[in-house]
Amino acid sequence: MSAINQTLKDIQAEARRCLYCVDAPCQKGCPASVDVAQFIRHLRYADVKSAKRVIKQANPLGGICGTLCPSEELCQKNCTMGRCGAPIHIRDLQKYACANASYSPALPQPNGKRVAVVGAGPAGLGCAAALAALGYQVEVFEKDGCAAGVVAREIPGYRISAAVVENDLAELPGDRVHIHYNSPVTAEDIAGKLSKEYDAVFVGAGLSADRMSGVDIAPGAPVAGCSRFLAELKSGAVKSVSGTVVVIGGGDSAIDAVCSSLACGADKAVLAYRRSREEMPACDEEFLSAADKGVELMYMVSPASIMAEGDGAAVTFVRNRLVERPGESRKGFEPVPGSEFTIRASQVVFAIGKTADTALLAGKADPNTLRVGDTNCFAGGDYLSGGATVVRAVADGKKAAAGIHAYLS
C-alpha cells in the first residue's frame, strides 16, 4: 500500500474517503484507542491542530506510532473502506497531523500523589502521560541517556527520524512528568526506596538482554545480539560493516539488522529464518522493503554451529520441515537429517528476541489491573509481554495508569 503524500491537499482528499463509521472498527483495531474517525474528520476540514489533539490525548507517542505502527495489521485492517477498495491510509494521516501542529496537554490540578515509573520507553511514557492527565506527579527513572527506549536507541534512522521522537518527547507534560536519565533502578530500589517514597510504582523497564541461540558458538566467532548490533550502528560506535552479514531471526528487528547492514556497507546481507514466510512475524511492509533492498532470504533453516574462521565465521545450518503439533495453532518445525550446509560470514547477528530482568519484581502482575500481588507496584509493556509493538506498549502503560488510579482512589 503506497503512502499518501504529506501535503494538506492530499491529506484532505484521503480524509474525504472516510465513512466516519458509527462504532468505528478502525478504533477497535487501535490498541491505544485513538478516535480515528474523529481525527480524520478534523483533517477533512483542515483543522490539523484539533486532529492532533484527538490523537495525542489517546496516545502521547502519536508521532512515533504514526511513523512505525503496523497499521495494516491494526486500524487499517478493520477499515470498512477496505471491503470495497483500499482502506484509508490512517497511519499517513496520523503522521501528518502529528508533524504539522502543536500540542500542549491540558492538565487538572495536582492531586498530591506521586508515582515512580521505571523505564522511559513507550510503556513508561504512556503510563506517565496518563497519570499526569489524572493529576499525579510522576518521576521517571531511565537507565540510559535518552527516552523512548528501542525507538531512540535501535530503530534505524531511515525508518524514523530523531525529530519525530524529539517532538513527541517535547509534548509530554514536562511540569508534571520529570525524567531522570542515567538512573538505573535495582530490585532493592523498587522494593525499598521507591515503594516507600511513592504512592505507587510502575515498572516498564522493557527487555534488557538479547536472547542468544543454544547452538555451539566457538570463542572468537564474530557473533552479536541484535539489540547491541543496532544500537552500535545507530550511535556511530560501529560506523561500517563489510563482507557478508548473516542475521538469524524473522521479526521486525531482524529486518532492521539486515537492512542496516546493507546501508552500512555490507557486500551481502542474509536473513535466515527457521520457518516459512507465512509464519514469519515481521510485518509485510518491512519484509517487502528488505526484499527490495536486496536482502537474501533463507527460509526453513536453523543454525547448528558457528565456528571462528580467520576474522569471520563459518555458520553451519540445518534445513527444517514444518510439522503439525496437536493443540497448537502455529506449526512447529524439525530438522531434516543430513541437510546441513555451511556459509561464511563476516558477522552473525542473533535477532531471536530479548529477555526481561525478571528479578526487578517478585510476583506476577494481575492481567486486568497489572498490579503485582498485594504491593503498590504495577508492571507492563515489553517487560511483561516479552516484546510487542510501540502502540501496544503505550496501551499497556495506559492500562497500568488506570489500575494505579483505581488503587489510589
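Residues numbered from 1 in each chain as written. Predicted model: local features only at pLDDT ≥ 70, side-chain atom pairs only at ≥ 80, totals over all residues. Heavy atoms only, no water.

Taken in spatial order, the five strands line up as 3-2-1-4-17 in an open sheet, and their pairing is parallel. Two strands close off the open sheet at either side, each with one partner strand: strand 3 (177-180) and strand 17 (377-379). Averaged over all pairs of adjacent strands, the angle between their axes in this sheet comes to 20 degrees, without regard to strand direction. Helix 15 (residues 390-408) contacts strand 1 (114-118), strand 4 (200-203) and strand 17 of the sheet and is inclined by roughly 165 degrees relative to strand 4. (Pairing = 2+ DSSP bridges. Helix = DSSP H or I, 4+ residues; strand = E, 2+ residues; numbered from the N terminus. Axes fitted to C-alpha atoms, helices over the stretch in contact; angles between N-to-C directions. Contact = heavy atoms within 4.5 Å.)

In this section: the packing of aromatic side chains. Under the defined criterion, the tally for this structure stands at three aromatic pairs. Centroid distance phenylalanine 141 to tyrosine 198: 6.3 Å. Interplanar angle 80 degrees. Geometry classified as edge-to-face. Taken as a pair, phenylalanine 141 in strand 2 (residues 137-141) and tyrosine 198 in the loop between helix 10 (187-197) and strand 4 lie far apart in primary sequence, 57 residues in all. Each of the two residues, phenylalanine 141 as well as tyrosine 198, counts as buried. Just above the ring of tyrosine 20 sits the side chain of arginine 41; from NZ or CZ to the centre is 4.4 Å. Here the basic side chain of arginine 277 rests over the ring of phenylalanine 287, its NZ or CZ set 3.9 Å away from the ring centre. (Phe/Tyr/Trp six-rings, centres within 6.5 Å; stacked < 30°, edge-to-face > 60°. Buried < 20%, exposed > 50% of the residue type's maximum accessible area, 1.4 Å probe, protein only. Lys NZ or Arg CZ within 6 Å of the ring centre and 35° of its normal.)

Taken as a whole, this structure holds two cavities of 30 Å³ or more when the rule is applied. Considered as a void within the structure, the largest cavity measures approximately 130 Å³ in volume. Cys30, Cys69, Cys75, Ile90 and Gln94 are, among the 15 residues lining the largest cavity, the residues nearest its centre. At three residues, helix 6 (residues 90-99) tops the list of elements feeding residues into the lining of the largest cavity. For the lining of the largest cavity, the class distribution of residues is 10 nonpolar, four polar and one charged. Empty space within the second largest cavity amounts to approximately 80 Å³. The wall of the second largest cavity is formed by Cys18, Leu19, Tyr20, Cys21, Pro25, Cys26, Ile40, Cys79, Thr80, Met81, Ile88 and Ile90. (1 Å grid on protein atoms, 1.4 Å probe; cavity = no way out; pocket = protein on both sides within 12 Å on 5 of 7 lines; lining within 4 Å. Points joined across faces, edges and corners; volume = space filled by probe spheres on them. Nonpolar A, V, L, I, M, F, W, Y, C, P; charged D, E, K, R; others polar.)

Ordered by their spatial adjacency, five strands build an open sheet running 7-15-8-9-10, and the pairing between neighbours is parallel. In this open sheet, the two edge strands, each paired with only one partner strand, are strand 7 (223-225) and strand 10 (296-298). Taking each pair of neighbouring strands and ignoring which way they run, the sheet shows an average axis angle of 20 degrees. With four bridges connecting them, strand 8 (residues 244-248) and strand 15 (residues 347-350) associate as parallel partners. Note on strand 15: the bridge partner recorded for isoleucine 248 is phenylalanine 350. Where helix 12 (residues 252-263) meets the sheet, its contacts fall on strand 8, strand 9 (268-272) and strand 15, and the angle it forms with strand 9 comes to roughly 170 degrees.

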